[in-house]
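Here is how the chains run, residue by residue.
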Amino acid sequence: MRVATFNVNGVKGRMPRLLEWLHETTPDIACLQEIKTGDATFPHAPIEAAGYKLIWLGQPRHHGVAILSRGEPPVEVRRGVPGDDADGQARYLEAQVGGLRVASVYLPNGNPVPSDNFDYKLRWFRRFNAHARTLIASRGDVILCGDFNVVPTNDDIYNAGAWRFDAVLQPETRTAYRELLAQGWVDSARHLHPAGRKELYTFWVNEYAYRRNAGFRMDFILLSPGLLQHLVGCSVDAAHRGREKPSDHAPVWAELRRHIA
């Protein structure tokens, strides 16, 4: 079973690339981020025609997440992380897909530093970590997929010094990610590629950076502890970043030796 995550950076404009990727790689479950369209205007028909059942949480022009499945339909469990009922940003969608709990996650970027944006990022991260802890405590099989807007270590970016003032590299951001992993979540890419750098980049700021492979690793597939025994592969479909009118992110996938049901 292949589970994937893809920040599409606008699902309407990237639909040709999204459908191309789905056709070529056929993930069983795919989580999307930054769909950048409202619930009523999400273009679900082409994705359904490609063989996927899906749910989504939209927001006009900003953010937005979705969960796609080729097998069992995703059954919505939660929209948004708990702890702030006034937070209207569409950043978290959780569903049951057969025997798996799956979440599509888009953490705030947080720039500039310092700013209200950065404060919001840290508050959101704390709320997310608190909810993730309840998912670990459930002892079910859970996968968190998405753009976490954090570069965990200097080994996850081509030049940490050049980006040292960016929100994704700040000590507070990295600490929040370490606290998340300390709950027991397994960073699938790092588990299988503990020393890798360039082959794991998932984001490039522009085409020139992509051609030089001056990238960041910010898109993750995190597994609950019980799924680790099933993990057999994880990689990045980096070539899709080099196609016509691509997203600035590349899809990431993990292969599990088990079925959805």
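Read on for a plain summary of the structure. (Residues numbered from 1 in each chain as written. Predicted model: local features only at pLDDT ≥ 70, side-chain atom pairs only at ≥ 80, totals over all residues. Heavy atoms only, no water.)

Here we take up the overall build of the protein. Looking only at helices and strands, one finds six helices and 12 strands in the protein. Over its C-alpha trace the protein gives a radius of gyration of 17 Å, about what one expects of a compact globule, namely 18 Å for 261 residues. Taking the principal axes of the C-alpha coordinates as reference, the protein spans close to 45 × 45 × 40 Å. Within the span of the protein, comprising 261 residues, buried residues form 57% of the whole. (Helix = DSSP H or I, 4+ residues; strand = E, 2+ residues; numbered from the N terminus. Rg over C-alpha atoms; globule rule 2.2 N^0.38 Å. Buried < 20%, exposed > 50% of the residue type's maximum accessible area, 1.4 Å probe, protein only.)

Since there are 3.6 residues in each turn of an α-helix, residues three or four apart along the chain are aligned in direction. Across its 12 residues, helix H4 (residues 171–182) extends 16 Å between first and last C-alpha, which sits within 8% of the 16 Å expected from 1.5 Å per residue. Turning to H4, its buried residues number three or more, namely Thr 173, Arg 174, Ala 176, Tyr 177 and Leu 180. Viewed end-on, H4 has its buried residues packed into an arc of 155°, placing them on one side of the element. Exposed side of H4, more than 90 degrees from the buried face: Pro 171, Arg 178 and Ala 182 are the residues found there. (Expected span 1.5 Å × (residues − 1). Arc of directions from axis to C-beta.)

Of all seven residues in strand S7 (residues 100–106), six are buried; the element is thus mostly enclosed. Where strand S6 (residues 92–97) lies against S7, six bridges are found, and the strand directions are antiparallel. Following the sheet pairing, Glu 94 is matched in S7 by Ala 103. Counted between consecutive antiparallel strands, the loop separating S6 from S7 contains two residues, among which Gly 98 sits at a positive phi close to 60°. As judged from the six bridges shared by S7 and strand S8 (residues 142–147), these two strands associate in the parallel manner. By the bridge assignment, Arg 101 is partnered in S8 with Val 142. Between the parallel pair S7 and S8, the chain is carried across by helix H3 (residues 116–137), and the sense of this crossover is right-handed. (Pairing = 2+ DSSP bridges. Right-handed = clockwise from strand over helix to strand, strands pointing away.)

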